Amino acid sequence: MTKLQAVRGMHDILMHETPNWEFLEKSIRSILNQYCYKEIRLPILEKTELFKHAIGDNTDIVSKEMYSFEDKNKSSLTLRPEGTASCVRAGIEHGLFYNQIQRLWYMGPMFRYEKPQKGRQRQFHQLGVEAFGLSGPDIDAEQIMMCDRMWKQLKIKNINLQINSLGTPESRLNYRNILVDYFSSNRNDLDEDSLVRLEKNPLRILDSKNPDMKSLIKNAPNINEYLDIESAAHFAELRELLDHANIKYNINSKLVRGLDYYGKTVYEWTTRDLGAQNTVCAGGRYDDLIENHGSPPTPAIGFAIGIERLLELIDLENLVAKDMPHVYLLIAGDEVRKFGLLLAEEVRNQLPNVKILTNCGGGSLKNQFKKADKSGAEIALILGENELERKQLTVKYLRDEKPQVTIKYSEISNFLSKALSI
Ligand code: ATP
Ligand code: MG
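Residues numbered from 1 in each chain as written. Chains lettered and ligands numbered in written order. Predicted model: local features only at pLDDT ≥ 70, side-chain atom pairs only at ≥ 80, totals over all residues. Heavy atoms only, no water.

(A) Region of the structure containing the pairing of strand β4 (residues 76-79). Judged from the three bridges that link them, strand β2 (residues 45-47) and β4 form a sheet pairing that is antiparallel. Within β4, the position partnered with Leu-45 by the bridge is Leu-79. The pairing of strand β3 (residues 67-70) with β4 spans four bridges and is antiparallel. What sits directly across from Phe-69, in β4, is Leu-77. Hairpin connection between β3 and β4: a loop of five residues separates the two successive antiparallel strands, and Lys-74 in this loop has a positive phi of roughly 65 degrees. (Pairing = 2+ DSSP bridges. Helix = DSSP H or I, 4+ residues; strand = E, 2+ residues; numbered from the N terminus.)

What follows is the structure, given as structure tokens:
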């Protein structure tokens, strides 16, 4: 048999890492609550055509990165590579958009067949945040302010905002033609990928990560000069709102994002602290997506945060409380076992915030003390035959020099709540 291993690029999140995830999820939830966003839970599998239609056939995600397969009914299904398409599908299916405003979020695994490397997995996690039914730049600004609040609360520094506007489909088409002229006259400097993009989706060339293409892209025509009046005004108002909120940004006219559904506002938060995979959060407006699915037009804007990349940036040592038991219950003797289990239950009944670890599996007292010490518990409670007879417990402090004491059963919860200040 071959060696047992997880699928390449897919990671277990082990028990010493889950407290970090829980901490981050909790922090994120509390901020989303402050902005009145509501959680929506979406399936991990969708019909393949949903992503093709929403994200675009010529994007990297759809052309190279999707995990697609046929089910027993020969329907083509895909493990979701992102959440916006599903969120839009759910909104249309359940009539959440018509004449309504929705602020929604979801969090969970996404799947992309990419080259695994630091900051780039094949199963990774995203927080997705979407607002539907609002067309003005105020919601764009508010979402950016929410991101800014997250970075501040998580004490993340060195994070920079880049913004751009992609205009309406018409102005984008006009810019596209100008871009095709430019890149066609520099055809010899294009890499293989860009030659394909030139035919199929020229804006995507600006998204190239190939360093050899950098200067050609830098000198390409600037999309901001080709914006329609309405998009230019929307972009100017957004900048004014950000300035007023004292949020710093750079305008990056080459920022196009890797998905076809974006128009008008797009943005990315990047950091120097992550190496090559430096984007933590990316978002933008997709006012035409819902209409493209055959539903009444509904303006929309959203962003996604890569949770693994965000975790890399947080000072977990100092922010996340260590997940240790408070109390370790030593149980000396098989006869005592059933009383020990009930005693622990009683502590849980009376002090729901106390974490009590029972010594299941027996063993000598010496051995049990070793386990108690290793567990990180502050207090050891010892229940042996003597204690049982007298309805007492011996208490030993594991982390300081206080003397050992004996307490009555009836005193346990009082004692523990004082000793642990819980
Ligand atoms: P990149 O340019 O890094 O490939 P992207 O433009 O494909 O990112 P989006 O689809 O906008 O990324 O996803 C939003 C965020 O999700 C990214 O900014 C990143 O933090 C995270 N992300 C995307 N793909 C991966 C991956 N394969 N592994 C880990 N995180 C990822
Ligand atoms: Mg990508």
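(B) How the structure looks around the pattern of salt bridges. The full count for this structure, using the stated rule, is 21 salt bridges. Taking the shortest distance from any N to any O, the salt bridge between Arg-41 and Glu-39 comes out at 3.1 Å. According to the relative accessible area criterion, Arg-41 is exposed, its value standing at 67%. Here Glu-39 falls in the partly exposed class, since its relative accessible area comes to 33%. Between Glu-230 and Lys-264 there is a salt bridge whose closest N-O contact spans 2.6 Å. Residue Glu-230 is located in helix α9 (residues 229-244), and its partner Lys-264 is located in strand β9 (residues 263-271); the two are separated by 34 residues in the primary sequence. A cluster of three or more residues bridged by salt bridges with shared partners is formed by Asp-60, Lys-64, Asp-193 and Arg-197. (Salt bridge = Lys/Arg side-chain N within 4 Å of Asp/Glu carboxyl O. Buried < 20%, exposed > 50% of the residue type's maximum accessible area, 1.4 Å probe, protein only.)

(C) Structural context of the packing of aromatic side chains. For the structure shown, the criterion picks out eight aromatic pairs. Measuring from centroid to centroid gives 5.1 Å for Tyr-182 and Phe-183, while their planes differ by 65 degrees, and the two rings are edge-to-face. A relative accessible area of 17% places Tyr-182 in the buried class. Taken together, the aromatic side chains of Phe-97, Phe-132, Tyr-261, Tyr-262 and Tyr-286 make up a single cluster linked through ring pairs. (Phe/Tyr/Trp six-rings, centres within 6.5 Å; stacked < 30°, edge-to-face > 60°.)

(D) Up close: helix α6 (residues 169-185). When the terminal C-alpha atoms of α6 are compared, their 24 Å separation across 17 residues agrees well with the 24 Å that a helix rising 1.5 Å per residue should span. Looking at α6, one finds that the buried residues are Ser-171, Arg-172, Tyr-175, Leu-179, Tyr-182 and Phe-183. Along the axis of α6, the buried residues cluster in a sector spanning 100 degrees; they form a single face. In this structure, α6 carries Glu-170, Asp-181 and Ser-185 as exposed residues pointing more than 90 degrees from its buried face. Among the structural elements, α7 (192-200), α8 (214-218) and β9 are those in contact with the buried residues of α6. (Expected span 1.5 Å × (residues − 1). Arc of directions from axis to C-beta. Contact = heavy atoms within 4.5 Å.)

(E) Region of the structure containing the sheet that holds strand β14 (residues 379-383). A sheet is described by the order of its strands in space; here five strands give the open sequence β13-β12-β14-β15-β16, paired in mixed fashion. The open sheet is flanked by β13 (356-358) and β16 (405-408), the only strands paired with a single partner. Strand-to-strand twist across the sheet, computed as the mean angle between neighbouring axes with direction ignored, equals 30 degrees. Of the strands in this sheet, β12 (327-331), β13, β14 and β15 (392-397) are in contact with helix α13 (residues 334-350), which crosses β12 at around 160 degrees. Helix α14 (residues 365-375) contacts β12, β13, β14 and β15 of the sheet and is inclined by roughly 170 degrees relative to β12. (Axes fitted to C-alpha atoms, helices over the stretch in contact; angles between N-to-C directions.)

(F) Local environment of the sheet that holds strand β6 (residues 123-132). Strand order in this open sheet of eight strands is β1-β5-β6-β11-β10-β9-β7-β8, and the pairing throughout is mixed. Looking at strand neighbours, the two that pair on one side only are β1 (38-39) and β8 (250-251), the edges of this open sheet. Both β1 and strand β5 (residues 102-111) contribute to a ladder of two bridges, which runs parallel. Counterpart to Glu-39 in the pairing with β5 is Trp-105. Along the sheet face, α9 touches β7 (159-165), β8, β9 and β10 (279-285) and points at about 155 degrees away from the line of β7.

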